[in-house]
Amino acid sequence: PMWGGKGKGGGWGGGWGGGASNYKIDESGGVLGEFMGEIKSFNEMTGYGFIACAGLTTQGYKDVFLHGDQKKGYQVGHKVKFTAFLTKEGKPQAKDLKSGIK
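Residues numbered from 1 in each chain as written. Predicted model: local features only at pLDDT ≥ 70, side-chain atom pairs only at ≥ 80, totals over all residues. Heavy atoms only, no water.

S.K.: Could you give an account of the overall build of the chain, with specific residues and numbers?
M.R.: The number of helices and strands found in the chain is two helices and five strands. Written out in order from the N terminus, the α and β elements of the chain read β-β-α-β-α-β-β. Within the chain, the proportion of its 102 residues that are buried is 29%. Partitioning the intrachain contacts of the chain with sequence separation of at least 6 by distance along the chain shows that 58% fall at a separation of at least 24. Here the chain displays about 7000 Å² of accessible surface, and carbon together with sulfur accounts for 58% of that area. (Helix = DSSP H or I, 4+ residues; strand = E, 2+ residues; numbered from the N terminus. Buried < 20%, exposed > 50% of the residue type's maximum accessible area, 1.4 Å probe, protein only. Contact = heavy atoms within 4.5 Å. Areas by Shrake-Rupley, 256 points an atom, 1.4 Å probe, with all protein chains shown as cover.)

S.K.: Residues and numbers for the environment of Ala84, please.
M.R.: By the element assignment, Ala84 lies in strand S4 (residues 79–86). It is 9.9 Å that separates the C-alpha atoms of Ala84 and Leu66, two residues lying 18 residues apart in sequence. Residues within four places of Ala84 in sequence aside, it is in contact with Val31, Leu32, Gly33, Phe35, Leu56 and Gln93.

S.K.: Account for the pairing of S4, naming residues and giving values.
M.R.: Judged by how many residues are buried, S4 sits mostly within the fold: six of eight residues are covered. Following S4, the chain reverses through five residues before pairing antiparallel with strand S5 (residues 92–99); Gly90 in that reversal takes a positive phi of roughly 80°. (Pairing = 2+ DSSP bridges.)

S.K.: Break down the nonpolar core for me, with residues and values.
M.R.: Ile51, Phe82 and Leu97 are the most contacted members of the largest nonpolar core, which has 14 residues in total. At the level of elements, strand S1 (30–43), strand S3 (64–67), S4 and S5 are the ones that each hand at least two residues to this core. Ignoring sequence-local partners within four residues, the contact set of Leu97 consists of Ile39, Leu66, Gln70, Lys71, Lys72, Tyr74, Val80, Lys81 and Phe82. (Core = buried A, V, L, I, M, F, W, Y, C linked by side-chain atoms within 4.5 Å.)

Structure follows, in structure tokens:
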């Protein structure tokens, strides 16, 4: 079949081999602390999703970005405790997920 000559570079790169990714935690905006939230969405294709967190919404932030590297075994709908931090763009992200159920 014709694969079409568009697109940059060859091969199947993109960090899917062995689950390695080039994701790096960028906390240069500062660590906000530990929060509770609920995983609102996660896209297995893109490898990321979002956590809804009332504690951060009241501070004026949108949903918290959740990278697949940080998701562990949690699924959409799970309550989680996490450490929130800001990237250099001031966007909140989650790391160190733990179960939010006592």
